[in-house]
Amino acid sequence: MAPVIIIPLTVVAILGIVGYLIYRYVIFDYLSTKSINDTLRRYKIKKTPFEIIKEYYEKKGEPISDQEISRLERLYKQKEPEQFLVMYDSIREDSRTD
């Protein structure tokens, strides 16, 4: 009697966990990237998020590795997407004052 209840519950739990992980690490990342790219395209910004982060930190005078830029890009895409526009505005303002 117990296997009749435990096996379906285990299968459903495993499918639920796998579904959540696929959503969290594949679909959510894809949708975040698409949203950022659409926003940059809407404002006619021809730079990629990677280029924006790299140029921003170079203007600040802080050396940063490509690996760290990729980590920051993923973080900003998922948690703070408006940061790309803020950084781009900062870069643009700095280039006007130079």
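Anyway, here's the lowdown on the structure attached to this text.

## Some words on helix α1 (residues 2–42)
Its 41 residues place the ends of α1 57 Å apart at the C-alpha level, agreeing with the 60 Å of an ideal helix rising 1.5 Å per residue. For α1, the elements touching its buried residues are α2 (49–60), α3 (66–79) and α4 (83–97). The positive-phi residue at the C-terminal boundary of α1 is Lys44, with phi of around 55°.

## Focus: the side chain of Glu73
With respect to the helices and strands, the residue Glu73 is situated in helix α3. Classification of Glu73 as buried rests on a relative accessible area of 14%. The contacts of Glu73, once residues within four sequence positions are left out, are Pro49, Phe50, Ile53 and Phe84.

## Concerning α4
Structurally, the α-helix is built with 3.6 residues per turn, so residues lying three or four positions apart point the same way. With 15 residues, α4 should reach 21 Å at 1.5 Å per residue; the first-to-last C-alpha distance of 21 Å fits that figure. Buried within α4 are the following residues: Phe84, Met87, Tyr88 and Ile91. The buried residues of α4 occupy an angular sector of 100° when projected down its axis, which confines them to one face. Exposed residues on α4 whose side chains face more than 90 degrees from its buried face are Glu93, Arg96 and Thr97. Here the buried face of α4 lies against α1, α2 and α3.

## Examining the packing of aromatic side chains
The full count for this structure, using the stated rule, is three aromatic pairs. Consider the rings of Tyr56 and Tyr57, whose centres lie 5.3 Å apart with planes at 85°: the pair is edge-to-face. We classify Tyr57 as buried; its relative accessible area is 12%. Between Tyr76 and Phe84 the ring centres are 6.1 Å apart and the planes differ by 90°, which places this aromatic pair in the edge-to-face class. A single burial state applies to Tyr76 and to Phe84, both of which are buried.

## Brief notes about the nonpolar core
Ile52, Ile53, Tyr76, Phe84 and Met87 are the most contacted members of the largest nonpolar core, which has 13 residues in total. Those elements that provide at least two residues to this core are α1, α2, α3 and α4. The leading source of residues in this core is α4, at four residues. Contacts of Phe84, omitting those with residues within four sequence positions, involve Ile36, Pro49, Ile52, Ile53, Glu73, Tyr76 and Lys77.

What counts and how
- Residues numbered from 1 in each chain as written.
- Predicted model: local features only at pLDDT ≥ 70, side-chain atom pairs only at ≥ 80, totals over all residues.
- Heavy atoms only, no water.
- Helix = DSSP H or I, 4+ residues; strand = E, 2+ residues; numbered from the N terminus.
- Expected span 1.5 Å × (residues − 1).
- Contact = heavy atoms within 4.5 Å.
- Buried < 20%, exposed > 50% of the residue type's maximum accessible area, 1.4 Å probe, protein only.
- Arc of directions from axis to C-beta.
- Phe/Tyr/Trp six-rings, centres within 6.5 Å; stacked < 30°, edge-to-face > 60°.
- Core = buried A, V, L, I, M, F, W, Y, C linked by side-chain atoms within 4.5 Å.

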